[in-house]
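Chain and residue survey
Chain by chain, the residues run as shown.
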Amino acid sequence: MKYARLTKEQFEEMHQEFINFLASQSITADEWQEIKSSKPEVAEQELDVFSDLVWEAVLNKVEYLEHFSPNQVFLFQITAATINLIAIKIENEAIDLRTKEGYNWLQGNLLDESVNIYTSTKAISDDRNKDIFALIQQGANITKGELYGYFEKVVN
């Protein structure tokens with residue numbers, strides 16, 4: 001398995017797509033039930049293959065990621081060749097950027113001496129999607145990039 005197996009909830013959400021996946025392999029509903037009961041390891045492999053296909057499709061479309069922690073925000077822009085990072089670090093333990101209040105404080109205090117903004121660029125490895133997946137596994141969320149765009153203007 002290249003990525004991670006989808007959760008039960010994700011499989012339920014993608015029920016029709018999974019049926020289509022099985023159908024593409026000429027596996028009927030009855031045959032699927034038989035595979036699950038008589039060859040659970042084969043069923044597990046099918047779930048893994050489907051999960052990887054879904055992840056691959058999602059990761060191919062990712063352009064922006066965000067990761068918030070209490071005192072840091074990591075904003076990623078993924079291009080064909082690079083991962084661009086804008087990192088915001090707050091040197092104030094009283095501020096939690098994951099809360100509305102903390103985020104509002106940041107918006108109003110960008111020039112405060114406790115706010116540090118860094119940028120970095122790193123080349124994408126041979127496996128772009130694996131790089132993106134690693135960031136997601138560490139807690140990053142896929143976004144449309146509005147926050148990245150805002151802070152890109154601030155730092156440039």
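Up top is the structure.
Residues numbered from 1 in each chain as written. Predicted model: local features only at pLDDT ≥ 70, side-chain atom pairs only at ≥ 80, totals over all residues. Heavy atoms only, no water.

**Quick word on the overall build of the protein**
The test is simple: Counting from the N terminus, the helices are DSSP H or I runs at least four residues long and the strands are E runs at least two residues long. Only C-alpha atoms enter the radius of gyration, while the globule expectation follows 2.2 Å times N to the 0.38, with N the number of residues. The buried label goes to any residue with under 20% of its type's maximum accessible area, the exposed label to any with over 50%, and the partly exposed label to all in between, with areas taken from a 1.4 Å probe on protein chains only.
Scanning the protein from N- to C-terminus turns up 7 helices and 5 strands. Starting at the N terminus and walking to the C terminus, you meet the elements of the protein as α-α-α-α-β-β-β-α-β-α-β-α. Radius of gyration (C-alpha) of the protein: 21 Å, far over the 15 Å computed for a compact globule of 156 residues. Here the C-alpha coordinates of the protein stretch approximately 65 × 35 × 20 Å along the principal axes. Within the protein, buried positions represent 37% of all 156 residues.

**Re the packing of helix 2 (residues 15-24) against helix 4 (residues 40-61)**
How we decide: Helix axes use the C-alpha atoms of the stretch in contact, all axes being lines fitted to C-alpha atoms, and the angles between their N-to-C directions lie in the range 0 to 180 degrees. Should an angle fall under 35 degrees it is called roughly parallel, over 145 degrees roughly antiparallel, and 65 to 115 degrees roughly perpendicular, with every other angle called oblique. Crossing handedness is read from the near helix: turned anticlockwise from the far helix by less than a right angle, it gives a left-handed crossing, and turned clockwise, a right-handed one. Whether two residues are in contact is decided by their heavy atoms: any pair within 4.5 Å suffices. When residues are grouped by polarity, Ala, Val, Leu, Ile, Met, Phe, Trp, Tyr, Cys and Pro land in nonpolar, Asp, Glu, Lys and Arg in charged, and all others, Gly among them, in polar.
Interhelical geometry of helix 2 versus helix 4 gives an angle of 115° and a closest axis separation of 11 Å. In terms of orientation, helix 2 lies roughly perpendicular with respect to helix 4. For helix 2 against helix 4, the interelement crossing comes out right-handed. Of helix 4, the residues touching helix 2 (which contributes E17, F18 and F21) are E46, L47, V49, F50 and L53. Across the contact of helix 2 with helix 4, the residue classes tally to 6 nonpolar, no polar and 2 charged.

**Here we look at the sheet that holds strand 4 (residues 115-123)**
Rule in force here: Paired strands, as defined in this entry, are two strands with at least two bridges between them according to DSSP.
The strand order 4-3-2-1-5 describes an open sheet built from 5 strands, whose pairing is antiparallel. A strand with exactly one partner marks an edge of an open sheet, and here the two such strands are strand 4 and strand 5 (141-143). On average, each strand axis in the sheet is tilted by 20° relative to the strand beside it, whichever way the strands run. Sheet strands in contact with helix 7 (residues 146-155) are strand 1 (64-69), strand 2 (72-78), strand 3 (82-90) and strand 4, and its direction is about 75° off that of strand 3.

**Some thoughts on the layout of surface pockets**
Selection rule: Two kinds of site are reported from a 1 Å grid over the protein atoms alone, namely cavities, where a 1.4 Å probe fits but cannot get out, and pockets, open sets with protein on both sides within 12 Å along at least five of seven lines, and residues are called lining when an atom falls within 4 Å of a point. Grid points are joined across faces, edges and corners, and a volume is the space filled by probe spheres set on the points.
Taken as a whole, the largest pocket holds about 330 Å³ of empty space. In terms of lining, the largest pocket is formed by 16 residues, of which the most central are H15, F18, L22, W32 and K36. Within the residue set of the lining of the largest pocket, elements represented by two or more residues are helix 1 (8-13), helix 2, helix 3 (29-38) and helix 4. Considered class by class, the residues forming the lining of the largest pocket number 10 nonpolar, 3 polar and 3 charged.

**What to know about a nonpolar patch on the surface**
How we decide: Exposure above 30% relative accessible area and the absence of a salt bridge qualify a residue for a patch, where like charges join within 9 Å and nonpolar side chains (Val, Leu, Ile, Met, Phe, Trp, Tyr) within 5 Å. To be clear on the numbers: accessible area is Shrake-Rupley with a 1.4 Å probe, and residue cover counts the displayed protein chains and nothing else. By salt bridge we mean one thing: a side-chain nitrogen of Lys or Arg within 4 Å of a carboxyl oxygen of Asp or Glu.
Residues Y150, V154 and V155 make up a contiguous nonpolar surface patch of roughly 230 Å² in combined accessible area. Counting through the fold element by element, V154 comes out in helix 7. Residue class for V154 comes out partly exposed when judged on its relative accessible area of 37%.

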